[in-house]
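Overview (structure and organization)
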Amino acid sequence: MLKKRLIFILLYNDGYFMLSRNFRLQKVGDLRWLKINYNFSYISFSIDELIVLDITRGQRDKKIFCEHLKMLIDGCFVPISVGGGIRSVSDARLLLRSGADKIVINTPLYENESSHFVHELASEFGQQCIVAAMDLKQSATTNYQVWVENGMRCLENDAFEYLKELSEYPVGEILINSIDRDGTGQGLDMKILNIIPESLSKPVIIAGGVGYAKHLHEGLLDSRVDAVATAHLFNFVGNGLRKARESLVSSGIALSRWDPSVFESNISSID
Amino acid sequence: MAVTKVLVVDYGMGNICSVVNAFRYLGVDPVVSHESHEISKADSLILPGVGSFFKAMKTLRDTGIEQAILESVIGKGRKILGICLGMQLLGSHGCEDGDIPGLGIIPSQVQRFTPLEVGPKKVPHIGFNEVLSRQDSLLFYGLPRTSDFYFVHSYRMLADNLHGKAAICNYGVDFLAAYEVDNVYATQFHPEKSQTNGLILIRNFLRQ
């Protein structure tokens, strides 16, 4: 039976890892700080996937990001999706050669020539390599609107229209994020799932608002949800993710299982 | 125990980084190469792969890597581990964009999951799923008979008429999750992405 997935998102901004609330960023620490305070190769044994997003507001230094990425994911044996500023096939290739298994695309999906770009990426790397991300905010009329460029620009049409278009694209899965709930710890906006058209039969990762294990539970219980993601760097690191995972499993959520203690001493001999 | 040289075949498609990191974690430093002469010197070959069967086979053929692999594996009996697309490339042929011959090492063809098979399930098959392995499997030694591994694929091979040891996963249909016969090993899932289950499997491969 296919298991559901618990995903952690790391938000990277110009060398630092960030906490986000409604897409406003607060600096938490750099890679060294992250490794000292939150040993990610240990934490990664509690999650099913890791997403690393370069949400740098200014000019992105892709080479430095890739170096940090390689160091960050050392010792992480889970799928790693990486995104932020991918505008060309060579951008994507650089990330895939730096340790990414999947690429996350957002803004370019909703621009002119988007179909051509996505087809180019799919033909080069395979459809299952591509995660289509969408950031949503409720408008005054309570419909959802799509915001691009790190949540700086609102698109004209209703989110439903863009989701319908996505059904035609060769992408592997969809990451839907609520800007309204982002970083609030108030729980996921489950109503977002109502606007996903039936024609969009791709795995869905829902994000935005997770503060506690019970929010993860709520998301994973829904049959329309394949994975839940959280970027809450404070609430879940340390033992937080492991405890959250244990509580999800004991409450009957079908998550994958493995024995994390097997390599605790990092056996280096194969004899 | 004799030191065996492990080579990861880098033909430009696949998460080489992750595969190499998994081997390094286990204390082995693999050679990464696409050169035929390097391939023929290696005791063990790892064939990773993500993406198009057609593109991969074309690359393997055009660069002479196909020939080098066949000489090593069939000619000299060297060990090989095919991962994901790498497993599919070991197959007889792929049915994406027409009929393309694979390396022909595993007599099974590669086809897309059909709507009849998966029903309402989403394709690609993405995530951790249960793999049922045999008691006498070498790859799965020390793992529970049913263990979770990470899959990400739209195409699958079936276990029909295969004489080696097959491990099965069900996604609407029972498909080939892993296979081992003589010096040939292959997994549809990514052991380097499957937490400790995957690391144990890779370690088992190294110990053969």
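Just so it is clear, the structure is predicted and the values come from calculations on it, not from any experiment.

Here we look at the overall build of chain B
The secondary structure content of chain B amounts to 7 helices and 13 strands. The C-alpha radius of gyration computed for chain B amounts to 16 Å, which stays within 12% of the reference 17 Å derived for 208 residues, consistent with globular compactness. Summarising its shape, the C-alpha atoms of chain B cover approximately 45 × 40 × 30 Å along the three principal directions. For chain B, buried positions account for 62% of its 208 residues. Looking at chain B alone, contacts between residues at least 24 apart form 69% of all its contacts between residues at least 6 apart. Summing over all exposed atoms, chain B offers an accessible surface of approximately 7400 Å²; the carbon and sulfur share of this is 52%.

Digging into the interface of chain A and chain B
With 47 residues of chain A in contact, the opposing surface of chain B contributes 41 residues. In this assembly, chain A packs against chain B so that about 3900 Å² is buried in total across both faces, 54% of it on carbon and sulfur atoms. For the pair chain A and chain B, the interface holds 6 salt bridges. With a closest N to O distance of 3.3 Å, E130 of chain B and K3 of chain A form a salt bridge. The tally of links between chain A and chain B comes to 20 residue pairs in polar contact (both at pLDDT 80 or more). Ranked by residues supplied to the side of chain A that touches chain B, first place goes to helix α5 (residues 114-125) of chain A with 3 residues. Here the side of chain A that touches chain B is built from residues that sort into 19 nonpolar, 13 polar and 15 charged.

Quick notes on empty space enclosed by the protein
Tallied over the entire structure, the rule returns 2 cavities of 30 Å³ or more. Empty space within the largest cavity amounts to approximately 80 Å³. Together, D54, K62, F65, C66, G84, G85, I86, D91, L94 and L95 of chain A line the largest cavity. Among the elements of the structure, α3 (62-72) and α4 (89-97) of chain A are those that each provide at least two residues to the lining of the largest cavity. Taken together, the residues of the lining of the largest cavity break down into 5 nonpolar, 2 polar and 3 charged. Estimates place the volume of the second largest cavity at around 60 Å³. The wall of the second largest cavity is formed by I73, G75, C76, F77, I80 and G99 of chain A together with C17, S18, N21 and K193 of chain B. Class assignment for the residues of the lining of the second largest cavity results in 5 nonpolar, 4 polar and 1 charged.

Considerations on α3 of chain A
All names here are of chain A. Listed in full, the buried residues belonging to α3 are F65, C66, H68, L69 and L72. The arc that holds every buried residue of α3, seen down its axis, measures 165°, which confines them to one face. Put simply, D61 is the residue that caps the front of α3, since its side-chain oxygen is 3.2 Å from the backbone nitrogen of K63.

Focus: the environment of L53 of chain A
Residues and elements named next belong to chain A. With respect to the helices and strands, the residue L53 is situated in strand β4 (residues 49-54). Taking the relative accessible area as the measure of exposure, L53 reaches 16% and is therefore buried. L53 sits 30 residues away from G83 along the chain, and the two C-alpha atoms are 4.8 Å apart. When near neighbours in sequence (up to four residues on either side) are disregarded, L53 contacts I9, L10, L11, Y12, G83 and V104.

Notes on the sheet that holds strand β13 (residues 184-187) of chain B
All names here are of chain B. Sheet architecture is open: 9 strands sit in the order β2-β1-β3-β4-β13-β12-β11-β8-β9, paired in mixed fashion. Looking at which strands have only one partner, the edges of the open sheet turn out to be β2 (31-33) and β9 (146-153). Each neighbouring strand pair of the sheet contributes to a mean axis angle of 25°, computed without reference to strand direction. Relative to β2, strand β1 (residues 6-9) is paired through 3 bridges, and the arrangement is parallel. By the bridge assignment for β2, L7 is matched with V31. The sheet strands contacting helix α1 (residues 16-25) are β1, β2 and β3 (44-47), and the helix crosses β1 at an angle near 165°. Sitting on the sheet, helix α7 (residues 195-206) touches β1, β3, β4 (79-83), β8 (125-132), β9 and β13, and the angle it makes with β9 is about 95°.

Considering unusual backbone geometry
Of note, the amide linkage connecting V123 of chain B to P124 of chain B takes the cis form, showing an omega dihedral of 10°. Along the chain, the position of P124 of chain B falls in the loop between α6 (115-118) and β8. Despite not being glycine, E149 of chain A has its phi angle at roughly 55°, a positive value. Following the sequence through the fold, E149 of chain A ends up in the loop between β8 (144-148) and β9 (153-158).

Criteria and thresholds
Residue numbers run consecutively from 1 along every chain, following the written order of its sequence. Chains carry letters and ligands carry numbers; both start at the beginning, A for chains and 1 for ligands, and go up in the order they are written. Two thresholds apply to this predicted model, a pLDDT of at least 70 for residue-level local features and 80 or more for giving and counting side-chain atom pairs, whereas whole-chain, interface and lining totals are computed over all residues. Computation of side-chain values covers all heavy atoms of the structure but excludes hydrogens and water. Strands are runs of DSSP state E lasting at least two residues, helices are runs of H or I lasting at least four, and both sets are numbered from the N terminus onward. Two things to know: the radius of gyration comes from C-alpha atoms, and the globule rule equals 2.2 Å times the number of residues to the power 0.38. The rule is simple: take the accessible area with a 1.4 Å probe, protein chains only, and divide by the maximum for that residue type; under 20% is buried, over 50% is exposed, in between is partly exposed. Any two residues having at least one pair of non-hydrogen atoms within 4.5 Å are treated as being in contact. All accessible areas in this document rest on Shrake-Rupley with a 1.4 Å probe, and a residue is counted as covered only by the protein chains that are shown. Summed over both partners, the accessible area lost on bringing two parts together, with a 1.4 Å probe, is the buried area. What counts as a salt bridge is simple: a side-chain nitrogen of Lys or Arg found within 4 Å of a carboxyl oxygen of Asp or Glu. Counted as a polar contact is a pair of N or O atoms within 3.5 Å, where, for protein atoms, one must be capable of donating a hydrogen and the other of accepting one, and residues adjacent in sequence contribute only when both atoms are in side chains. In this classification, Asp, Glu, Lys and Arg are treated as charged, Ala, Val, Leu, Ile, Met, Phe, Trp, Tyr, Cys and Pro as nonpolar, and every other residue, Gly included, as polar. Whether a set of points on the 1 Å grid over the protein atoms alone is a cavity depends on a 1.4 Å probe fitting there but being unable to get out, while an open set qualifies as a pocket with protein on both sides within 12 Å along at least five of seven lines; lining residues are those with an atom within 4 Å of a point. Grid points are joined across faces, edges and corners, and a volume is the space filled by probe spheres set on the points. To be clear, the arc concerns the directions from the helix axis to the C-beta atoms. At least two bridges found by DSSP between two strands are what make those strands a pair. Note on method: axes are straight lines fitted to C-alpha atoms, helices fitted across the in-contact stretch only, with angles between N-to-C directions ranging 0 to 180 degrees.

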